Amino acid sequence: MNRSNHSQSTQPSTEEAKVNISGSEALIRSLLAEGVDTMFGYPGGAIMPVFDALYDHKNDIKHILVRHEQGAVHAAQGYARVSRKTGVALVTSGPGATNAVTGITDAMMDSTPLVVISGQVISGLLGSDAFQEADVIGITQPITKWAYQVRRAEEIPWAVSRAFYIARSGRPGPVVLDITKDAQINKLDYTYSKTSFLRSYIPFPEPETENIKAAAELINRAQKPLALVGQGVILGNAEQELLAFLEKGGIPFGSTILGLSAIPSDHPLNAGMLGMHGNIAPNMNTNECDVLIAIGMRFDDRVTGNLNTYARVKVLGNAKETLPLVTELIGERNRTEWIETFGKYKKTEFDCVIKAELFPENGGELKMGEVVNKVSEATGHKAVCVTDVGQHQMMATRYFKSTLTRSMVTSGGLGTMGFGLPAGIGAKYGAPDRTVCIFVGDGGLQMSIQELGTILEYNIDVKIILLNNNYLGMVRQWQELFFDERYSETHLKNPDFVKIAEAYGIRGRKVTDRKELDSAIEEMLSHEGAYLLEAVVETKGMVYPMVPAGGSVTDILIGNGHKL
C-alpha cells in the first residue's frame, strides 16, 4: 500500500473535540485509543520526542525498556501471541529500525499482529544519507502487511488507526510506521477515528454456500477423514468451533507447531504434532486418509515434505465463520475403526522413541525430552511454553503438554534463534497470571542473553530452562545424518551460565545428575522471581522421529538411521 489520499479510507466514528497538540502526544493518545497498555522499545535521537511525550503517560502505558531492538519486537510478539492483543514496539531510526527487521520478518511469517513504530530523520533530510538515516519503508515493505512513512503531524492519528486495523484484521501480521522527527514535533488539531473499513482490502471473505455444502458432503462420505489444525484456529479465536466440529464428526486431528494448544493435548481425537519431527501417527495417516481437512494452516514445507507424494484432497475455510456452517451440515459419526489405526502408530513411537527419551535408565546423561516432560508435569500442563529454535524447540513442542489455548509460543516460519528469551518476557506481560517457561539452547540463549538485563530491570518472573549440550544441536544432527559426521563449527565452548544469571540478579542452578532434576524443578517453580535452570543434557542427542528434508511424510527415521 503506497502513500495516497486517505480521506476515503476510514469510516469516521464519533470524534472528540479537537485539541492542538504535538505529533508525539497525538501518537501516544492514538495508541491509548487503540487499547494499548504495554509496549516494548529502546530510545534514540530520532524517536526522542515520542519518549518525551511518553514521560507524561507513565500511568497509562507501561513501556518495557529492552536491551536490543530485536528483543523489543520479539517481546511484542510474545505479548501478542498470548494476550489476543496487538503487540507494539518503539525504536529509533537507522540501526534501531534495522535491528528490528528480523523480528518483523518473524512476525510476518507467523501471522503475529504487531505495530512497529520507528523514528526517522526530519523530512528535509530524507535521501541525504543523514546521520542514522535508513530507508525503512524500502527495507520493510516486503516483510509487512503495510509500511508507511509519516511526514506530517496531521497524518499520525489516521496512520495509527489504519495500522492497527490492518495488523489485526484478516490474516494478522506486522505493520511499520516510520515517523519523521518533524512530524513528531509539529502541532496538529487532534481527533481520532477508528478504522473499520479500507477500500480494496477484504480481510474476511464471505463464505461461499456451495463450497460449504461441498465440504460437508465430502466429510459425510469420508470413512477416514483427518483434520490438520494450524495457528489460524487460535488467531481466529475458533477453538470452541473447532472442538464442536471435530467431536460431531468423530474426526481425529494433528496440529502444526503453531497450532499446538488449540485443543488440549489429552483430547482423545488429538493425534499429536505434524511435520519433520512430529508424531508418527498423524504423519503416516496424512496419506492414508480419504479426506484431508486443513484448518487455519498454510501447508508449510516442514509439514508437507515432498508435495508430489503429499495429500491431494484438501478443504480450506475461514475457521471462525466456516466451521460452524460445516458442522451444521455434517452428520454425527463415531469412526472407531479409523481412530484405532492411530493407536498402533502411537505404540510404535512410544516403544521406539518416546520410552527411551522420557524414561531413560539411571546413570546415563540427561535427555532433553525428560527435562521438558518433567517441567510440563510439574506445572500441571497449564504453563505457557516459550521456546527458542533448535533441538530443544522440537523436544519442547513434542513433550510439553497443554490444557489451555495460547500455550505454545515459538518461532515457526522463520526459525529465529534468539527468539525465546525476549518472547518469554513479552508472554509474561501478556499473561501475567500464568507461569511462563522459556526453553532455550546454549546457542540461541547467547543470541539474546542481554535481555537478562530487562528481567533484572523489571523483576520479571519467568522460568528459563537451558538445555545445554555444548553444541548447535540441530545443525550437528544434520551433520551427523547427512554430512558424514563432519562437525564443522557447531561445537560451543560455553561460559558459566549460572554465574551470568546471578550477575543479573537471577537465581540459578546447574543440574547434571538425574537424581537432582525433580528437586531442581520444584525449586525453580516455587521460587518467586526469575530463575535459570541449566540442565546439562547428552552431547550428541538426536530428535526423532524425523522426516528428512524434501522426503515424503512417510519416510520417517526413528533412530540410528533406521526407517519406520
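Residues numbered from 1 in each chain as written. Predicted model: local features only at pLDDT ≥ 70, side-chain atom pairs only at ≥ 80, totals over all residues. Heavy atoms only, no water.

Chemist: Could you give me a rundown of the nonpolar core, with the residues and numbers involved?
Modeler: Grouped together as the largest cluster of nonpolar side chains are 56 residues, with contacts concentrated most on V375, F439, I465 and L467. Ranked by residue count, the leading element in this core is helix α15 (residues 336-358), at six residues. Setting aside residues no more than four positions away along its own chain, V375 makes contact with F400, C437, F439, I465, I521 and M524. Of all hydrophobic cores here, the second largest spans 47 residues; its members include A97, A431, V436 and I455. (Core = buried A, V, L, I, M, F, W, Y, C linked by side-chain atoms within 4.5 Å. Buried < 20%, exposed > 50% of the residue type's maximum accessible area, 1.4 Å probe, protein only. Helix = DSSP H or I, 4+ residues; strand = E, 2+ residues; numbered from the N terminus. Contact = heavy atoms within 4.5 Å.)

Chemist: Mind laying out the side chain of E357, listing which residues take part and the relevant values?
Modeler: By the element assignment, E357 lies in helix α15. Every residue in contact with E357, bar those within four places of it in the chain, is listed here: K367, M368, G369, E370, M395, Y399 and M542.

Chemist: Give a description of the sheet that holds strand β5 (residues 114-120) that names residues and reports values.
Modeler: Taken together, six strands build an open sheet; the order of strands is β3-β2-β4-β5-β7-β6 and the sheet is parallel. Two strands lie at the open edges of the sheet, namely β3 (62-65) and β6 (146-150), each paired on one side alone. When the angles between neighbouring strand axes are averaged without regard to direction, this sheet yields 20°. Of the pairings in the sheet, the one linking strand β2 (residues 38-41) to strand β4 (residues 87-91) comprises two bridges and is parallel in character. Within the sheet, the bridge partner assigned to G41 lies in β4 and is L90. (Pairing = 2+ DSSP bridges. Axes fitted to C-alpha atoms, helices over the stretch in contact; angles between N-to-C directions.)

Chemist: Describe in detail the packing of aromatic side chains, supporting the description with residues and values.
Modeler: Considering all chains together, one arrives at 12 aromatic pairs under this definition. Relative to W158, the ring of Y148 has its centre 5.1 Å away and its plane inclined at 75°; by these criteria the two rings are edge-to-face. Taken together, the positions of Y148 in strand β6 and W158 in helix α7 (residues 156-168) put the pair 10 residues apart, joining distant regions of the chain. An identical accessibility class is assigned to Y148 and W158; each is buried. Three or more aromatic residues joined by ring pairs make a cluster, and in this case those are F40, Y79 and Y429. Residue placement shows K344 over the ring face of Y345; its charged tip is 5.3 Å from the ring centre. Positioned over the ring face of Y471 is R476, at 5.9 Å from the centre of the ring. (Phe/Tyr/Trp six-rings, centres within 6.5 Å; stacked < 30°, edge-to-face > 60°. Lys NZ or Arg CZ within 6 Å of the ring centre and 35° of its normal.)

Chemist: Let's hear about the pattern of salt bridges: which residues, and what values?
Modeler: Tallied over the entire structure, the rule returns 17 salt bridges. Close ionic contact of E239 with R84 constitutes a salt bridge, the shortest N to O distance being 3.9 Å. Of this pair, E239 sits in helix α11 (residues 239-249) while R84 sits in the loop between α3 (69-83) and β4; the two residues are 155 residues apart in sequence, bridging distant segments of the chain. Of the residues examined, E239 reaches a relative accessible area of 8% and is grouped as buried. With its nearest N and O atoms 2.8 Å apart, the salt bridge here joins K347 to D351. With K347 and D351 both in helix α15, this residue pair falls four residues apart, about one helical turn. Residue classification places K347 among the exposed positions, given a relative accessible area of 54%. By relative accessible area, D351 is classed as partly exposed at 43%. (Salt bridge = Lys/Arg side-chain N within 4 Å of Asp/Glu carboxyl O.)

Chemist: Describe in detail unusual backbone geometry, supporting the description with residues and values.
Modeler: Cis geometry marks the peptide bond from Y544 to P545; its omega dihedral reads -5°. Unlike most non-glycine residues, E485 shows phi in positive territory, near 60°.

Chemist: I'd love a proper account of the confidence of the model for the protein, names of residues and values included.
Modeler: Of the residues in the protein, 94% reach a pLDDT of 70 or more, and the chain-wide mean stands at 93. Low confidence marks residues 1-14, where pLDDT is under 50. Its contacts with residues over four positions away, or in another chain, come to 33 contacts. (pLDDT = per-residue confidence, 0-100.)

Chemist: An account of the pairing of β3 is requested, with residue identities and associated values reported.
Modeler: Sheet analysis places β2 next to β3, joined by four bridges and oriented parallel. Bridge pairing in β3 places G41 opposite L65. Between the parallel pair β2 and β3, the chain is carried across by helix α2 (residues 48-54), and the sense of this crossover is right-handed. (Right-handed = clockwise from strand over helix to strand, strands pointing away.)

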